[in-house]
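Structure at a glance
Each chain, written out:
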Amino acid sequence: MNRERVPTSRLRPPTPVITSLEGVGGLLLPTGATGASSAERENCAPANTKENHGVTVEQRRAEAKTPPVRPGTKIADLTTETAVTRTQNQSSNDPRFPPPSLPNMFASEQASSSQLSTFMEETRRRMEEQERRLHAMIRLQQQQVAGASAVTGYGRSQGATAAELEALHNMISSQKHLIDSLQLEKAQMVNAVQTERLAKQMVEREVAELKNCLQETERRTRQLEKALEEAHSRHNQLSEEEVTKLRALERDCVELEQALAAEKRQKQRDAEEKEAEIARVRRQLEEEAQESIRRAVQRERIENLRNRLAHTESDASALRDRVRHLETTLRETESRLVQFEQKYTHLESDLMAVRSELRVAEEANFRALLESREQTIRELEEQAREDERVRRELHNMVQELKGNIRVFCRIRPLLPEERQPTTENLFQPVARSCGRGLEVYAPVDTKKGRPRNDRPPFGADSAPASSASERPKWVFQFDRVFDAVSTQKQVFEEISQLVQSALDGYKVCIFAYGQTGSGKTFTMIGDHQNPGMIPLSVRQVFAHAAKLSEQGYTFSFEACFLEIYNEHIRDLLAKESVAAADSTEPNKFAIKVDRATGSTYVSDVRMVSVHEPADVERLLTISARNRMTASTQMNERSSRSHSVFRLYIRGENHEMQQKIHGLLNLIDLAGSERLARSGSEGERLRETQHINKSLSALGDVIAALANKEKHVPFRNSKLTYLLQDSLGGDSKTLMFVNISPTLDSFPESLCSLRFAAKVNACDIGTARRNQRVSFQDI
Ligand SMILES: Nc1ncnc2c1ncn2[C@@H]1O[C@H](COP(=O)(O)OP(=O)(O)OP(=O)(O)O)[C@@H](O)[C@H]1O
């Protein structure tokens, strides 16, 4: 049986030594160890300690036993009573509180937990009692002090002697001291109680551990007992004989095992000896083999050395022969080198001579080549100039063949605000006439259900209606007809040749003619997205001038922008203040003719040098601000004046000794309203009269030029007078007739078309048609 032994130190709790405090209440104080000395115990217990004021604790305890003073007690009696009490309590050992001895249960490992609990319970109970007693003591002392004070007062009132009072005072002060010391003791007791509590907790923990150990030990004991019982029962089952046999077998087995072990040891020793023998023999054999290999190698080396010696000797003799041969060759080479050096010197001098000859020849060739190239360039330049001259001639010829006055018709689209529910397609370009023909249909008279005009107003170019219900139709022929979807670029492509003529030194006039709102300004100036003929022409002129500068031409450009309003000239490029002054001085600008050149110009007008298209676009912006517009019944922003943009082109080619003086006139004419229709009166009536007069004067001039009349009435209007140098002669004129497609504008449109058709019939330079033209009947 192997019982687990619990260490003694664990089982034994720290034993509190509980000693009795002699005297007052038999207080319990722990000393911490079983074998604490009496001195230590004295330190812990204040029983025999002397106080500073010289009164022993025992004395104070005796005094504390003093009963409360009753009223009427004499001072002498009080003293006696106190003394008696003190005597009674002199005993140092109070039999009521014997010093607690260690409980037997801790002396042995088998201490039961119930005994321990009982001990703990007893200790707690005793401590509580001690505390209670201590409190009673303190109360008693306080009562005594109060009694003494009462006695003192009583003594005073009874006339006690000074000595008696002194004695009383002393007694009271000693009582007070006793109370202090008792309170000190109380504090110490409280500490002791706390220490005791800690010890108790430790003991409780140890007890719990002991309980666990005990339980474990009991469990194992039970297991062992059970195993023992089982062994006993098995043992009892075997018979005596079997046991004997078993024992014999066991002995045999032991002997066999011993014999086996001895044999094994012997065999192991034999094997070790044999291994050692084998290793020794192997070492011997290896040594012998190495020795024989070493000898074989030495033999082979000797053989090799013999062979190499034989080879070396034959090589040496061959080398000797070669050295002899090389020495001979070297001597020959040295002599050849000397010959070569001599030759090289000769060749070098020859090469230098050849090089100098070559340089001379190359220079001659290069000069010849250069001259031939320069000649070619000159020829090409001459050719280019000749080409340019031919181009100009051909261009001019083409322009002349086309006619020096041409008319383009442009029909603008219906504007969004003009969309009508019964839009009639009045103007239809004729597809078969290569974009030159235009058919005009009379609108239907909605009231009568038949054409409004069954008789065309201008019979000369009309086709009569075949029946009463059929709409009358007029057919016009122009140099080009642009329909409503034609773009500005497409239109410009057709006039670009004419613009080119200006750069070739011709005077070119491009007019826009038509009634108010028919698209004249749009065609000439356009807007930001759709630049018109003026900006596009200027761009072309500058671009072509840049190209011609490569052929030695230098160009300069000057521009002016005028307005003719009510037969008065205004400068559209004048500064705002100047323009305002001009309006109060209508006759400031006069048209002058340069007798030498025949050119016309306006005095005092602002001429602006332009160098690039942007310069001209800036001028257009200025002029747009200055341009006078006035409202009429037909168009809120009707332009009531002619605007004339003039670009003077001056070019020079020194080599060709050529000078160019071209002039490009781009004219936006005022709206061509008939007086009856415009409904103008007053100032507006006067404007309309002036406009019609000047347009009629333009027609007269064109007619006179076409009819080769001696007198051309240029001076009949400011416009024709200003354009005198650009109309007629070899000048080139193009007129746009702008048409509004609206129903309301139909009579005016027809009127414009008739005017344009008559212009188209003219040839200002060379007569194209042998017919007389008159604008009187339009
Ligand atoms: N080909 C066109 N495509 C688109 N819109 C056009 C075209 N022609 C003219 N317009 C528009 O028609 C309106 C009238 O045109 P525009 O002012 O050029 O007429 P106008 O003949 O110069 O009139 P006015 O004699 O009163 O100056 C403008 O709003 C213009 O933008």
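Residues numbered from 1 in each chain as written. Predicted model: local features only at pLDDT ≥ 70, side-chain atom pairs only at ≥ 80, totals over all residues. Heavy atoms only, no water.

Some remarks on the overall build of the chain
- Helix and strand counts for the chain come out as 16 helices and 19 strands.
- Here the chain holds 778 residues, and the buried ones make up 38% of them.
- A sequence separation of at least 24 residues applies to 70% of the contacts in the chain between residues at least 6 apart.
- Accessible surface computed for the chain: about 47000 Å², of which carbon and sulfur atoms make up 52%. (Helix = DSSP H or I, 4+ residues; strand = E, 2+ residues; numbered from the N terminus. Buried < 20%, exposed > 50% of the residue type's maximum accessible area, 1.4 Å probe, protein only. Contact = heavy atoms within 4.5 Å. Areas by Shrake-Rupley, 256 points an atom, 1.4 Å probe, with all protein chains shown as cover.)

Focus on the confidence of the model for the chain
- Summary statistics for the chain give a mean pLDDT of 74 and a share of 70% for residues scoring 70 or more.
- Low confidence marks residues 629-638, where pLDDT is under 50. Its contacts with residues over four positions away, or in another chain, come to 24 contacts.
- Across residues 766-772, confidence stays below pLDDT 50; counting only partners more than four residues off in sequence or on other chains, it has 16 contacts.
- Interface confidence for the predicted complex, given as ipTM, is 0.98, next to a pTM of 0.51. (pLDDT = per-residue confidence, 0-100.)

Side note on the pattern of salt bridges
- Counted by the stated rule, this structure contains 17 salt bridges.
- R126 serves as the salt-bridge partner of E122, at 4.0 Å between the closest nitrogen and oxygen. Linking E122 with R126, this pair stays in helix α5 (residues 113-158), spanning four residues, or about one helical turn.
- Under the relative-accessibility criterion, E122 is labelled partly exposed at 36%.
- Each member of the salt-bridge network shares a partner with another, and the members are R125, E129 and R133. (Salt bridge = Lys/Arg side-chain N within 4 Å of Asp/Glu carboxyl O.)

Some details on helix α12 (residues 613-626)
- Compared with the 20 Å implied by 1.5 Å per residue over 14 residues, the 20 Å span of α12 between its first and last C-alpha is a close match.
- Among the residues of α12, D615, V616, L619, L620, S623 and N626 are the ones counted as buried. Down the axis, α12 shows its buried residues gathered within 145° of arc, on one side only. More than 90 degrees from the buried face of α12, the exposed residues found are A624 and R625. (Expected span 1.5 Å × (residues − 1). Arc of directions from axis to C-beta.)

Considerations on unusual backbone geometry
- Even without being a glycine, N566 presents a positive backbone phi close to 50°.
- With respect to the helices, strands and loops of the structure, N566 is situated in the loop between β12 (553-565) and β13 (568-571).
- Positioned with a positive phi, D604 is a non-glycine residue whose angle comes to about 65°.
- With respect to the helices, strands and loops of the structure, D604 is situated in the loop between β15 (600-602) and β16 (608-610).

Let's talk about the packing of aromatic side chains
- All told, the structure shown has 10 aromatic pairs when counted by the stated rule.
- Both rings, one in F476 and one in F478, keep their centres 6.1 Å apart while their planes meet at 10°; by these two values the pair is stacked. The two residues F476 and F478 agree in class, both being buried.
- Three or more aromatic residues joined by ring pairs form one cluster here, namely F542, Y553, F555 and F557. (Phe/Tyr/Trp six-rings, centres within 6.5 Å; stacked < 30°, edge-to-face > 60°.)

Brief notes about the packing of helix α8 (residues 488-503) against helix α10 (residues 533-548)
- Taken N-terminus to C-terminus, the directions of α8 and α10 make an angle of 50°; their axes are 9 Å apart at the nearest point. In this view, α8 runs oblique relative to α10, as classed from their interaxial angle. Handedness of the α8/α10 crossing: right-handed. Between α8 and α10, the contacting residues are Q488, V491, F492, I495, S496, V499, Q500 and L503 on the first element and M533, L536, S537, Q540, V541, H544, A545 and L548 on the second.
- Split into classes, the residues belonging to the contact of α8 with α10 amount to 10 nonpolar, six polar and no charged. (Axes fitted to C-alpha atoms, helices over the stretch in contact; angles between N-to-C directions. Parallel < 35°, antiparallel > 145°, perpendicular 65-115°, else oblique. Left-handed = near helix turned anticlockwise from the far one by under 90°. Nonpolar A, V, L, I, M, F, W, Y, C, P; charged D, E, K, R; others polar.)

Overview of the packing of α10 against α12
- Interaxial distance between α10 and α12 falls to 9 Å at its minimum, and their mutual angle equals 155°. Overall, the two elements α10 and α12 adopt an arrangement that is roughly antiparallel. With respect to the hand of their crossing, α10 and α12 are arranged in right-handed fashion. Along the contact surface, α10 presents I534, P535, V538, R539 and F542, while α12 presents P613, V616, E617 and L620.
- Counted by class, the contact of α10 with α12 contains seven nonpolar, no polar and two charged residues.

What to know about α10
- Compared with an ideal rise of 1.5 Å per residue, which puts 16 residues at 22 Å, α10 spans 22 Å between its outermost C-alpha atoms and is within 8% of the ideal.
- Looking at α10, one finds that the buried residues are M533, I534, P535, L536, S537, V538, Q540, V541, F542, A545 and L548.

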